[in-house]
Amino acid sequence: MADASKQSNWWDDLPAPRRTAPLITRETVLSQLFSPDLLLVDVRRTDYEGGTITGSLNLPAQSFYWNRGVLYDLCKRAGIKKVAFYCGSSRGRGTRCSAWFADYIAEEGESADYIGDTDLAETDVKSLTLVGGIKGWVKAGEEYTQNIDGFEAEYWKQFDEAGEK
């Protein structure tokens, strides 16, 4: 019988990512927020509170692995060139999902360069991770919070008062 005291992580039964997707800064995302070339993917699930960056698609990390092919196909059909993933801080789920997506792109034979080259061929889709996640976005101030759908200032105060929760 399995030891019930051992907590497993939601990703334990999934393959470990083999690639590391490059980072994209919030300044770059803000400047491209309404570009048809960029798709933001918010991978929060139970902590999907306080709002989401304008135009983001919510695909919880816990089910993302099985949906990465669908996302890839949709991006190709829509002509999306960059897919930027984020979670609360982009140090766990966001990074893992962007890496899985980078793996998928490589498996599909794309010529995406994951060293940070921004010259993409016309058909390439690039996987990225938003530096600092949504917490970093909120902490950057009003220029950023005005670009959060459903922004709830009260929700975000807990992170100011308790530090990086």
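- An unreviewed UniProt entry annotates the protein as Rhodanese-like protein of Melanomma pulvis-pyrius CBS 109.77.

1. Some words on the overall build of the protein
Then, in step 1: Along the backbone of the protein there are six helices and seven strands.
Then, in step 2: Its helices and strands taken in sequence order, the protein reads β-α-β-β-β-α-β-α-β-α-α-β-α from the N to the C terminus.
Then, in step 3: Each of the 165 residues in the protein was classed as buried or not, and the buried ones make up 44%.
Then, in step 4: Put simply, of all contacts in the protein between residues at least 6 apart along the chain, 71% involve residues at least 24 apart.
Then, in step 5: For the protein, the accessible area works out to roughly 9,000 Å², and carbon and sulfur atoms hold 49% of it.

2. Some thoughts on the nonpolar core
Then, in step 1: Ranked by internal contacts, the top residues of the largest apolar core, which has 20 residues, are Leu71, Val83, Phe85 and Phe101.
Then, in step 2: Listed by contribution, the elements that provide at least two residues to this core are strand E2 (38-42), helix H2 (61-78), strand E5 (82-86) and helix H3 (93-107).
Then, in step 3: A total of six residues in this core trace back to one element, the largest contributor, which is H2.
Then, in step 4: The next biggest cluster of nonpolar side chains, apart from the first, holds 19 residues, and it includes Ile24, Ile53, Tyr86 and Val138.

3. Examining H3
Then, in step 1: Along its 15 residues, H3 runs 21 Å from first to last C-alpha, staying within 8% of the 21 Å computed at 1.5 Å per residue.
Then, in step 2: Among the 15 residues that make up H3, eleven are buried, leaving the element largely enclosed by the rest of the structure.
Then, in step 3: When H3 is considered as a whole, its buried residues turn out to be Arg93, Gly94, Cys97, Ser98, Ala99, Trp100, Phe101, Ala102, Asp103, Tyr104 and Ile105.
Then, in step 4: Looking at the buried side of H3, the elements it contacts are H2, E5 and strand E6 (126-130).

4. Description of H2
For an α-helix, 3.6 residues make a turn, and residues three or four places apart therefore share a direction.
Then, in step 1: The terminal C-alpha atoms of H2, which comprises 18 residues, lie only 22 Å apart, well short of the 26 Å expected from a rise of 1.5 Å per residue.
Then, in step 2: Buried within H2 are the following residues: Ala61, Gln62, Phe64, Tyr65, Arg68, Leu71, Tyr72 and Cys75.
Then, in step 3: In the core, the buried residues of H2 are packed alongside E2, strand E4 (57-58), E5 and H3.
Then, in step 4: A positive phi of about 75° marks Gly79, the residue just after H2.

5. Brief notes about the sheet that holds E6
Then, in step 1: Spatial ordering of the open sheet is given by E1-E6-E5-E2-E4, a layout of five strands whose pairing is parallel. Edge positions in the sheet fall to strand E1 (23-24) and E4, since each of these pairs with one other strand and no more.
Then, in step 2: Here E1 runs beside E6; their pairing, made up of two bridges, is parallel. Counterpart to Leu23 in the pairing with E6 is Thr129.

6. Quick word on the pattern of salt bridges
Then, in step 1: Using the criterion set out here, one finds six salt bridges in the structure.
Then, in step 2: Between Asp103 and Arg19 there is a salt bridge; the shortest N-O distance is 3.1 Å. In this pair, Asp103 sits in helix H3 while Arg19 sits in the segment before E1, placing the two residues 84 residues apart along the sequence.
Then, in step 3: Since its relative accessible area comes to 1%, Asp103 is described here as buried.
Then, in step 4: Several salt bridges share partner residues, and in doing so they unite Arg18, Arg68 and Glu107 into one network.

About the thresholds
Residues numbered from 1 in each chain as written. Predicted model: local features only at pLDDT ≥ 70, side-chain atom pairs only at ≥ 80, totals over all residues. Heavy atoms only, no water. Helix = DSSP H or I, 4+ residues; strand = E, 2+ residues; numbered from the N terminus. Buried < 20%, exposed > 50% of the residue type's maximum accessible area, 1.4 Å probe, protein only. Contact = heavy atoms within 4.5 Å. Areas by Shrake-Rupley, 256 points an atom, 1.4 Å probe, with all protein chains shown as cover. Core = buried A, V, L, I, M, F, W, Y, C linked by side-chain atoms within 4.5 Å. Expected span 1.5 Å × (residues − 1). Pairing = 2+ DSSP bridges. Salt bridge = Lys/Arg side-chain N within 4 Å of Asp/Glu carboxyl O.

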